[in-house]
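So you can see what is in the structure, the chains are spelled out below.
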Amino acid sequence: KSAYVLVVCAALHTLARLTSEDTIPAVLPTVVELLNHKSQLVRKKAVMVLSKFQKVTSDATTKQMLQQKFCLMLCDKDPSVMGASLNGLHDALCTHMEGEDLIRMKNLVPSLVSILKQITQRRLPRSYEYHRTPAPFIQIKLLKMLAKLGQNDQASSEHMYQVLSEVLKANGRQ
C-alpha cells in the first residue's frame with residue numbers, strides 16, 4: 001500500500017509472478033481493493049493479477065467472484081482496463097465454462113455487443129488502432145467470446161447479427 005503508482009504496479013507484477021493457490025486468499029482482498037484505484041495503470045494491473053489468480057485457483061467460489069469482478073471492470077472508463085478484463089472473461093469462458101455457468105455468462109452478450117459497436121464506430125482513442133483497424137485484437141477476443149456465447153442459442157445470436165455486419169463493413173469485408 002504505497003502512494004506511488006509505480007511501486008504499486010511493481011508489487012502487482014511481482015504478485016502475478018509469485019502467486020500460488022495458497023497465497024491467493026491472503027492477498028485477494030488487497031488486489032480487489034486496487035480495482036478502485038484512481039490510476040488506470042494500477043486498475044489494469046490489478047485485473048491482470050486477478051486473471052492470473054483465476055488460472056491458478058481451483059476454488060469454484062473464488063473463480064465465480066473473480067468473474068463478477070471482470071464483468072464490473074468491463075464498464076471501466078479506460079479502454080486498457082476493459083481490455084484486460086476481457087482477457088479474464090475470455091479465459092473463463094473458453095476454459096472453465098459449462099452448463100449453468102455458461103448460461104449466466106450469456107447476460108454479457110449485450111455488453112460485449114456494445115463494446116464491439118463502440119470499437120467499430122472508432123470511439124476508442126487512436127492509440128488502439130493498428131494499421132487503421134480499430135482495436136483489432138480486442139475485436140478478435142470479443143468475436144471469439146460472442147461465438148462461444150451464441151453457440152446453440154438463437155436469441156443471443158440474433159442480438160449479435162447487426163454488430164457482426166458492422167464489423168465486416170468496418171473492416172472492408174462486405
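Coordinates for the structure precede this section.
Caption draft 1: Structural view of the overall build of the protein. In terms of regular secondary structure, the protein is built from nine helices and two strands. The N-to-C order of helical and strand elements in the protein reads α-α-α-α-α-α-α-β-β-α-α. Taking 174 residues into account, the globule formula puts the C-alpha radius of gyration at 16 Å, and the protein, at 17 Å, falls close to it. Referenced to the eigenvectors of the C-alpha coordinate spread, the extents of the protein come out at roughly 50 × 40 × 20 Å. Within the protein, the proportion of its 174 residues that are buried is 43%.

Caption draft 2: The pattern of salt bridges, seen in detail. Counting across every chain of the model gives two salt bridges. The partner of Asp76 in a salt bridge is Arg43, and the shortest N-O contact between them spans 2.9 Å. Here Arg43 lies in helix H3 (residues 40-56) and Asp76 lies in the loop between helix H4 (60-73) and helix H5 (79-95), a separation of 33 residues in the sequence. Note that Asp91 is salt-bridged to Lys55, the shortest N-O span being 3.5 Å. In this pair, Asp91 is assigned in helix H5 and Lys55 in helix H3, connecting sequence segments 36 residues apart.

Caption draft 3: Broad picture of unusual backbone geometry. Of note, the phi angle at Arg122 is positive, near 60°, even though the residue is not glycine. Within the secondary structure, Arg122 is located in the loop between helix H7 (109-120) and strand S1 (129-130). By relative accessible area, Arg122 is classed as partly exposed at 41%. The phi torsion at His131 lies on the positive side, around 50°, for a residue other than glycine. Look at His131 and you get exposed, because its relative accessible area is 66%.

Caption draft 4: A look at the packing of aromatic side chains. Following the criterion strictly, the structure yields one aromatic pair and no others. Where Tyr130 meets Phe137, the ring centres are 5.9 Å apart and the plane angle is 50°; that geometry is what we call tilted. Residue classification places Tyr130 among the partly exposed positions, given a relative accessible area of 47%. The class for Phe137 is exposed, based on a relative accessible area of 58%.

Caption draft 5: Focus on the side chain of His90. The residue His90 is located in helix H5 in this model. With relative accessibility at 12%, the residue His90 sits in the buried group. Apart from residues no more than four positions distant in its own chain, His90 is found in contact with Lys141, Lys144 and Met145.

Caption draft 6: Here's a closer look at a nonpolar patch on the surface. Judged by side-chain polarity, Tyr130, Phe137 and Ile140 come together as a nonpolar surface patch covering roughly 340 Å² of accessible area. One can find Ile140 in helix H8 (residues 136-150).

Caption draft 7: Region of interest: H8. With 15 residues, H8 extends 20 Å from end C-alpha to end C-alpha; this agrees with the ideal 21 Å at 1.5 Å per step. Within H8, the full set of buried residues consists of Pro136, Ile138, Gln139, Leu142, Met145, Leu146, Leu149 and Gly150. Just past H8, the residue Asn152 takes up positive phi, approximately 60°.

Caption draft 8: Spotlight on the nonpolar core. In this structure, Leu12, Leu50, Phe53, Leu74, Leu86, Leu112 and Leu142 are the most contacted members of the largest nonpolar core, which totals 45 residues. The contact partners of Leu50, leaving out residues within four places of it in the chain, are Leu28, Val31, Val32, Leu35, Leu66, Lys69 and Phe70.

The rules behind each value
Residues numbered from 1 in each chain as written. Predicted model: local features only at pLDDT ≥ 70, side-chain atom pairs only at ≥ 80, totals over all residues. Heavy atoms only, no water. Helix = DSSP H or I, 4+ residues; strand = E, 2+ residues; numbered from the N terminus. Rg over C-alpha atoms; globule rule 2.2 N^0.38 Å. Buried < 20%, exposed > 50% of the residue type's maximum accessible area, 1.4 Å probe, protein only. Salt bridge = Lys/Arg side-chain N within 4 Å of Asp/Glu carboxyl O. Phe/Tyr/Trp six-rings, centres within 6.5 Å; stacked < 30°, edge-to-face > 60°. Contact = heavy atoms within 4.5 Å. Patch = residues over 30% accessible without salt bridge, like charges linked within 9 Å, V, L, I, M, F, W, Y side chains within 5 Å. Areas by Shrake-Rupley, 256 points an atom, 1.4 Å probe, with all protein chains shown as cover. Expected span 1.5 Å × (residues − 1). Core = buried A, V, L, I, M, F, W, Y, C linked by side-chain atoms within 4.5 Å.

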